[in-house]
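Next come the chains, spelled out residue by residue.
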Amino acid sequence: MQETIILQSLCNRIKGAFVENGHAMLTNQRFIYSKHSFAKIAAMGVLVNLTKGDFDFDIPISDITDIEETKRLMSKVLVIRTKDDEYKFFFTKLEEWKIAFSNVREQVGTDNATQPVQVQSVADELLKFKSLLDAGAITEDEYNVQKAKLLNQ
């Protein structure tokens, strides 16, 4: 299954008493979090929100055991649980993220063998990988490997 971006936006990761400013991306295979460094925030101020941040971690969708909305002070946050950890995020469009997570988790849970196979052109596949590269979901090396595979078919 090809990795496609479902949703992405600014988000804040809550780590105890600290809040990290960052960027989140949900694909059909994983949740990716990139954080903005303090140096970049100090240098750019609010303009840092126009950047994607630096990759921090990702969580495969299959590893997510639960997603729950909860409160922190006056805000609602989304808690993402895996077998080993718990992550808390503030999203400005929380409902949109909850729905997207629910849909992706349902899709991952279905039997892919019964899903219809979609035939796509090499150009479409290259565009998908390029968008993943531009969004920071894959590295340039990963992009080049996929590009070479597609062009050598």
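Preceding block: the structure.
The structure displayed is predicted, hence computed values, not measured ones.

Undergrad: Please clarify how helix H3 (residues 122-134) should be interpreted in this entry.
TA: The first and last C-alpha atoms of H3 sit 18 Å apart over 13 residues, in line with the 18 Å expected at 1.5 Å per residue. When H3 is considered as a whole, its buried residues turn out to be Glu125, Leu126, Phe129, Leu132 and Leu133. Looking straight down H3, one finds its buried side chains confined to an arc of 120°; they lie on one side. Structurally, H3 contributes buried residues whose contacts are with strand E1 (5-15), strand E2 (18-27) and helix H4 (140-151). Phi turns positive, to about 85°, at Gly136, one or two residues after H3.

Undergrad: Sorry if this is basic, but what is going on with the nonpolar core here?
TA: Among soluble globular proteins, nonpolar side chains are generally buried collectively. Counting residues in each nonpolar core, the largest one holds 21 residues, and the members touching the most others are Leu26, Phe31, Ile80, Phe89, Phe91, Trp97 and Phe101. Looking at this core, the elements with two or more residues in it are E1, E2, strand E3 (30-35), strand E4 (54-60), strand E5 (64-72), strand E6 (75-82), strand E7 (86-91) and helix H2 (94-109). Here the element with the most residues in this core is H2; it accounts for five residues. Of all hydrophobic cores here, the second largest spans 11 residues; its members include Met25, Ile32, Phe129 and Leu132.

Undergrad: I would appreciate a short explanation of the packing of aromatic side chains in the present structure.
TA: Two aromatic rings, taken as a pair, are described by how far apart their centres are and by the angle between their planes. Counting across every chain of the model gives 10 aromatic pairs. Seen in terms of ring centroids, Phe31 and Trp97 are 6.2 Å apart; in terms of plane orientation they differ by 85°. Their pairing is edge-to-face. One end of the pair, Phe31, is in strand E3; the other, Trp97, is in helix H2, with 66 residues separating them in the sequence. Accessibility assignment for this pair places Phe31 and Trp97 in one class, buried. Summarising the aromatic geometry, the rings of Trp97 and Phe101 are spaced 6.0 Å apart at their centres and angled 40° between planes, so their arrangement reads as tilted. In this pair, Trp97 and Phe101 are both assigned in helix H2, four residues apart and thus about one turn of the helix distant. For the pair formed by Trp97 and Phe101, the shared burial category is buried. An aromatic cluster is built from Phe31, Tyr33, Phe57, Tyr87, Phe89, Phe91, Trp97 and Phe101, whose rings are joined through pairwise contacts.

Undergrad: Help me understand the packing of H3 against H4 in this model?
TA: Packed helices, taken two at a time, are described by the angle their axes make and the gap between the axes. Two numbers describe how H3 lies on H4: the axes approach to 10 Å, and their chain directions differ by 175°. Considering the angle they form, H3 stands roughly antiparallel to H4. Contacts between H3 and H4 pair Val122, Glu125, Leu126, Phe129, Lys130 and Leu133 from the former with Glu140, Tyr143, Gln146, Lys147, Leu150 and Leu151 from the latter. Taken together, the residues of the contact of H3 with H4 sort by class into seven nonpolar, one polar and four charged.

Undergrad: Would you mind going over the environment of Val104 with me for this structure?
TA: Within the element layout of this structure, Val104 appears in helix H2. Val104 gets classed as buried once you look at its relative accessible area, which sits at 2%. For Val104 and Gln29, which are 75 residues apart along the polypeptide, the C-alpha to C-alpha distance reads 8.0 Å.

Conventions adopted
- Residues numbered from 1 in each chain as written.
- Predicted model: local features only at pLDDT ≥ 70, side-chain atom pairs only at ≥ 80, totals over all residues.
- Heavy atoms only, no water.
- Helix = DSSP H or I, 4+ residues; strand = E, 2+ residues; numbered from the N terminus.
- Expected span 1.5 Å × (residues − 1).
- Buried < 20%, exposed > 50% of the residue type's maximum accessible area, 1.4 Å probe, protein only.
- Arc of directions from axis to C-beta.
- Contact = heavy atoms within 4.5 Å.
- Core = buried A, V, L, I, M, F, W, Y, C linked by side-chain atoms within 4.5 Å.
- Phe/Tyr/Trp six-rings, centres within 6.5 Å; stacked < 30°, edge-to-face > 60°.
- Axes fitted to C-alpha atoms, helices over the stretch in contact; angles between N-to-C directions.
- Parallel < 35°, antiparallel > 145°, perpendicular 65-115°, else oblique.
- Nonpolar A, V, L, I, M, F, W, Y, C, P; charged D, E, K, R; others polar.

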